[in-house]
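Structural description and commentary
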Amino acid sequence: PQTPHPNAADELRGRELLQAGRDLLKESRLDEALDQLRQSMAMLGPREEVVQALIETRRRIEERRSAQSSQMLVSVREALAAKEYQKALDSLTAILASQPDFAEASELRRKIISEMEEEKERQARREEGEREKATGLRLVAEQKYREGRQALQRARELLGDDADLREAMDEAVEAGAEP
């Protein structure tokens, strides 16, 4: 298709916009430069100098976005190391909003969601184990050794071995509950 030839006023305005875009690009005001260059393209058509300025502006915008994402990934990793999963997830969500195809951020996000779910499961097991332990200790204190030993055994399955559990289970067995 043939590009329409702008009239003199559009030509002048298009060149002003092109120059403004170039000046903004030099000042690293990239979003504003992009806007000015797009307006210039609308008035002048796809002239080589406009196209090249647009390509350069988009390249620098992508570089900026990439640098910001890399910096955000550093803070994501720091948050992960501190087990601040929600903070890491929020940062990754921000990265993916501007770069949805960023594979490393997507993979980290999946990993964090998985770790958060696993942590919730571990916490639920700990809480259930602590309840069973408290119940078992109470039952042993009430000399209900068999029921106490059963509760303590469930607590051990959930919490792993611990000195209080061992001591209470030994007491329950010594007092007559079957091992």
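In short, a report on the structure. Here the structure is a predicted model, which is why all the values come from computation and not from measurement.

Calculation criteria
- The numbering scheme is per chain: residues are counted from 1 as the chain's sequence reads.
- Given that this is a predicted model, residues contribute local features only at a pLDDT of at least 70 and side-chain atom pairs are listed and counted only at 80 or more, while totals for whole chains, interfaces and linings are drawn from all residues.
- Computation of side-chain values: all heavy atoms of the structure, hydrogens and water removed.
- Strands are runs of DSSP state E lasting at least 2 residues, helices are runs of H or I lasting at least 4, and numbering of each runs from the N terminus.
- In this treatment the radius of gyration is a C-alpha quantity, and the globule benchmark scales as 2.2 Å times the residue count to the 0.38 power.
- Contacts are assigned to residue pairs that have any heavy atoms within 4.5 Å of one another.
- In this scheme, a helix's expected span is set at 1.5 Å multiplied by one less than its residue total.
- Between buried and exposed lies partly exposed: a residue is buried under 20% and exposed over 50% of the maximum accessible area for its type, with that area taken using a 1.4 Å probe on protein chains only.
- The arc in question is the one traced by the directions running from the helix axis out to the C-beta atoms.
- To define axes, lines are fitted to C-alpha atoms, for helices over the stretch in contact only, and angles between the resulting N-to-C directions are given on a 0 to 180 degree scale.
- Working rule for angles: under 35 degrees goes down as roughly parallel, over 145 as roughly antiparallel, 65 to 115 as roughly perpendicular, anything else as oblique.
- Take the far helix as your reference; a near helix turned counterclockwise from it by less than a right angle gives a left-handed crossing, and one turned clockwise gives a right-handed crossing.

Moving on, we get to the overall build of the chain. Along the backbone of the chain there are 7 helices and 0 strands. Ordered by position in the sequence, the α and β elements of the chain form the string α-α-α-α-α-α-α. In summary, the chain has a C-alpha radius of gyration of 33 Å against a globular reference of 16 Å for 179 residues, an excess of more than 25%. Long-range contacts, defined as pairs at least 24 residues apart, comprise 52% of the intrachain contacts of the chain with a sequence gap of at least 6.

This paragraph deals with the environment of glutamate 128. Note that glutamate 128 resides in helix α5 (residues 103-141). Sequence separation between glutamate 128 and valine 140 is 12 residues, and the spatial gap between their C-alpha atoms is 18 Å.

Now for helix α2 (residues 30-44). Relative to the 21 Å expected for 15 residues at 1.5 Å per residue, α2 spans 20 Å between its end C-alpha atoms, a close match to the ideal helical length. Every buried residue of α2 is accounted for by Leu30, Ala33, Leu34, Gln36, Leu37, Ser40 and Leu44. With its buried residues spanning 170 degrees around the axis, α2 presents them on a single face. Remark: glycine 45 follows α2 within two positions and exhibits a positive phi of approximately 85 degrees.

Helix packing geometry: the angle between the two helix axes and the distance between the axes. Taken N-terminus to C-terminus, the directions of helix α3 (residues 48-81) and helix α4 (residues 85-98) make an angle of 165 degrees; their axes are 8 Å apart at the nearest point. The orientation of α3 with respect to α4, classified from their angle, is roughly antiparallel. The two elements α3 and α4 cross, and the hand of that crossing is left-handed. Contacts from Arg65, Ser69, Met72, Leu73, Ser75, Val76, Ala79 and Leu80 in α3 reach Tyr85, Lys87, Ala88, Ser91, Leu92, Ala94, Ile95 and Ser98 in α4.

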